[in-house]
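Architecture at a glance
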Amino acid sequence: MQEFVDEIIEYLDSKFDADTNITNKPKGHYAYEKGLEPTATTPFYTVQLLDDSTATEDFNSEVTYNSPIQFNLYGVKMKVKGKLENAQVVSFYLAEQCKKFMEEYKYSSNRITTMRRTASTPALPYGDGSKAYYSVIRYNITLKEI
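In short, a report on the structure.

Within strand β5 (residues 69-75), seven of the seven residues are buried, which leaves the element mostly enclosed by the surrounding structure. Alternating residues of β5 divide into I69, F71, L73 and G75 and Q70, N72 and Y74, and every residue in both groups is buried. In this structure, strand β2 (residues 44-49) lies alongside β5, joined through six bridges in antiparallel fashion. Among the inter-strand pairings, T46 is bridged to a residue of β5, identified as N72. As defined by bridge partners, β5 adjoins strand β10 (residues 132-144) across seven bridges and the pair is classed as antiparallel.

What follows deals with the side chain of Q97. In this fold, Q97 is placed in helix α2 (residues 87-108). The class of Q97 is buried, set by a relative accessible area of 11%. Of note is the side chain of Q97, whose polar atom sits 3.0 Å from the side chain of D19.

Compared with the 24 Å implied by 1.5 Å per residue over 17 residues, the 24 Å span of helix α1 (residues 2-18) between its first and last C-alpha is a close match. Turning to α1, its buried residues number three or more, namely F4, V5, I8, I9, Y11, L12, D13 and F16. Where α1 is buried, its residues contact β1 (27-30), β2, β5, α2 and β10.

We now examine the nonpolar core. One finds L12, F16, F71, L73, M102 and I141 to be the most contacted residues of the largest nonpolar core, which totals 32 residues. Every element with two or more residues in this core is listed here: α1, β2, β5, β6 (78-80), α2, β8 (112-120) and β10. Of the residues forming this core, the biggest block, eight residues, is contributed by α2. Leaving out residues up to four positions away in the same chain, I141 has contacts with F4, Y65, N66, S67, P68, I69, M102, I112, T114 and M115.

One pass over the full model with this rule turns up seven aromatic pairs. When the centroid spacing of 5.8 Å and the interplanar angle of 45° are considered together, the rings of F16 and Y45 count as tilted. Of the two residues, F16 sits in helix α1 while Y45 sits in strand β2, which places them 29 residues apart along the sequence. Summarising the aromatic geometry, the rings of F44 and Y74 are spaced 4.5 Å apart at their centres and angled 20° between planes, so their arrangement reads as stacked. Within this pair, whereas F44 is found in strand β2, its partner Y74 is found in strand β5, the two being separated by 30 residues in sequence. A relative accessible area of 6% means that F44 is categorised as buried.

Reading the values: rules and limits
- Residues numbered from 1 in each chain as written.
- Predicted model: local features only at pLDDT ≥ 70, side-chain atom pairs only at ≥ 80, totals over all residues.
- Heavy atoms only, no water.
- Buried < 20%, exposed > 50% of the residue type's maximum accessible area, 1.4 Å probe, protein only.
- Helix = DSSP H or I, 4+ residues; strand = E, 2+ residues; numbered from the N terminus.
- Pairing = 2+ DSSP bridges.
- Polar contact = N/O pair within 3.5 Å; in protein donor to acceptor, adjacent residues only side chain to side chain.
- Expected span 1.5 Å × (residues − 1).
- Contact = heavy atoms within 4.5 Å.
- Core = buried A, V, L, I, M, F, W, Y, C linked by side-chain atoms within 4.5 Å.
- Phe/Tyr/Trp six-rings, centres within 6.5 Å; stacked < 30°, edge-to-face > 60°.

Dropping the structure here:
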């Protein structure tokens, strides 16, 4: 389970690092990481595994398993495409990029048998919205047992 989350964080970190439209690069974290709170200067995202259950089995052996995940993408006031944007706009941008990157990930991973986005929220204020906004994206993912 943790290996899968680590793999996704590593993949998304590399994709965000390569994004030339933003200067402040978001980094991935586990959901509920101790002391992790939005600041007004650093974008980030969290990855939370929501389940780890058997999807299919062949007699006594698990063949595939469900690993639905949730992303929380925290945007702050920063430059996007050379223009200073507010935290809400940045949160929308990070969410759209995450969806694009996950679509690419789906086809680059040999472990994924199915992946479907099941939910996506608009940019919501974190607290009073003065520091950050966040968007939530959920996916249902079925993985091959390796």
